[in-house]
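Understanding the architecture of this molecule
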Amino acid sequence: GQQVMQIPQYQHVQEGEDFTTYCNSSTTLSNIQWYKQRPGGHPVFLIQLVKSGEVKKQKRLTFQFGEAKKNSSLHITATQTTDVGTYFCAGPSGGSQGNLIFGKGTKLSVKP
Amino acid sequence: NAGVTQTPKFRVLKTGQSMTLLCAQDMNHEYMYWYRQDPGMGLRLIHYSVGEGTTAKGEVPDGYNVSRLKKQNFLLGLESAAPSQTSVYFCASSRTRPGYEQYFGPGTRLTVT
């Protein structure tokens, strides 16, 4: 079945370093979404990418959608302790209902 | 607006006991979902609903039942709890199809002993 894979599973960085997480789908996606879950919290929607090659920025966060619409990345510049959490990508599954398939997430820890 | 709320926040069950988790949303969303989250496994869809009176199976439906009698509520039932159902359960809703963002509730932490 359709799979959404994320790497790395864990990332430990020093505050101020950059961070990147990658998301790969086994099938072409109509769109991809990114969510952030703080420790002990619930997933919160960050952004959606729809177009091939699309790049969107939110302050220090840069999101990219691949040309083939099968991969995506989230890059954080100069991480801060507030960036700690798990970042999930998610894409619609196939079929008429089209539920979201979530990657397993990348857990980011930031050392002050 | 409260968004998506879940009750209870925590629960401990003994094997074989039953319980119902309640999810409520005040955003008039059509779609509602139940996920479970286990360490290293991400979010796995249990059941979902595309509208009042409808339900459908997700990736891991066994051992769970759901009902959506009112548009704003989505109930998840465990008829005979098992230790394998120890998990954090999240409810979510979205306006229509998953092309739209999902709003998550705060979660229910369930332990089955």
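Look a little higher up for the structure.
Residues numbered from 1 in each chain as written. Chains lettered and ligands numbered in written order. Predicted model: local features only at pLDDT ≥ 70, side-chain atom pairs only at ≥ 80, totals over all residues. Heavy atoms only, no water.

When helices and strands are tallied, chain B shows zero helices and eleven strands. Listing every helix and strand of chain B by position from the N terminus yields β-β-β-β-β-β-β-β-β-β-β. Dimensions along the principal axes, computed over C-alpha positions, put chain B at roughly 35 × 30 × 25 Å. For chain B, buried positions account for 48% of its 113 residues. About 5,400 Å² of surface is accessible on chain B, with carbon and sulfur atoms providing 51% of the total. Between the centroid of the 12 positive side chains of chain B and the centroid of its 8 negative side chains there is a distance of 4 Å. (Helix = DSSP H or I, 4+ residues; strand = E, 2+ residues; numbered from the N terminus. Buried < 20%, exposed > 50% of the residue type's maximum accessible area, 1.4 Å probe, protein only. Areas by Shrake-Rupley, 256 points an atom, 1.4 Å probe, with all protein chains shown as cover. Lys, Arg positive; Asp, Glu negative; His and termini not counted. Charge placed at Lys NZ, Arg CZ, Asp CG, Glu CD.)

Turning our eyes to something else, we now look at the sheet that holds strand 8 (residues 73–78) of chain B. Strand pairing in a sheet takes place through backbone hydrogen bonds and is either antiparallel or parallel in direction. All names here are of chain B. Strand order in this open sheet of four strands is 1-3-8-7, and the pairing throughout is antiparallel. On the outer flanks of this sheet lie strand 1 (4–7) and strand 7 (65–67), each paired with one strand and no other. Along the sheet, successive strands turn relative to each other by an average axial angle of 20°, direction set aside. Taken together, the three bridges between strand 7 and strand 8 define a ladder with antiparallel strand orientation. (Pairing = 2+ DSSP bridges. Axes fitted to C-alpha atoms, helices over the stretch in contact; angles between N-to-C directions.)

A few words now on the layout of surface pockets. Approximately 710 Å³ is the volume found for the largest pocket. Residue lining of the largest pocket: 31 residues in total, with Gln37 and Gly40 of chain A together with Gln37, Val88 and Arg109 of chain B positioned closest to the centre. Taken together, the residues of the lining of the largest pocket break down into ten nonpolar, 15 polar and six charged. Surrounding the second largest pocket, 24 residues form its lining, Gln2, Ile101 and Phe102 of chain A together with Leu43 and Glu59 of chain B being those nearest its centre. Of all the elements in the fold, those that place two or more residues in the lining of the second largest pocket are strand 1 (4–7) and strand 10 (100–102) of chain A together with strand 5 (42–49) of chain B. When residues in the lining of the second largest pocket are grouped by element, the largest group, four residues, is from strand 5 of chain B. (1 Å grid on protein atoms, 1.4 Å probe; cavity = no way out; pocket = protein on both sides within 12 Å on 5 of 7 lines; lining within 4 Å. Points joined across faces, edges and corners; volume = space filled by probe spheres on them. Nonpolar A, V, L, I, M, F, W, Y, C, P; charged D, E, K, R; others polar.)

With that settled, the discussion passes to the state of the cysteines. In this structure the tally under the stated criterion is two disulfides over all chains. Disulfide partner of cysteine 23 of chain A: cysteine 89 of chain A, at an S-S distance of 2.0 Å. Handedness of the cysteine 23 of chain A-cysteine 89 of chain A disulfide follows from its S-S torsion of about 80°: it is right-handed. With a gap of 66 residues between them, cysteine 23 of chain A in strand 3 (residues 19–25) and cysteine 89 of chain A in strand 9 (residues 85–92) connect regions that are remote in the sequence. A relative accessible area of 1% means that cysteine 23 of chain A is categorised as buried. The class of cysteine 89 of chain A is buried, set by a relative accessible area of 0%. Each sulfur in the disulfide pair cysteine 23 of chain B and cysteine 91 of chain B lies 1.9 Å from the other. (Disulfide = S-S within 2.5 Å.)

Scanning the entire structure with this criterion turns up five salt bridges over all chains. In this structure, the salt-bridge partner of lysine 56 of chain A is glutamate 54 of chain A, at a minimum N-O distance of 3.7 Å. Given the relative accessible area of 30%, lysine 56 of chain A is considered partly exposed. When the shortest N-O distance is used, the salt bridge between aspartate 38 of chain B and arginine 44 of chain B registers 2.8 Å. The exposure class of aspartate 38 of chain B is buried, given its relative accessible area of 12%. The class of arginine 44 of chain B is buried, set by a relative accessible area of 17%. (Salt bridge = Lys/Arg side-chain N within 4 Å of Asp/Glu carboxyl O.)

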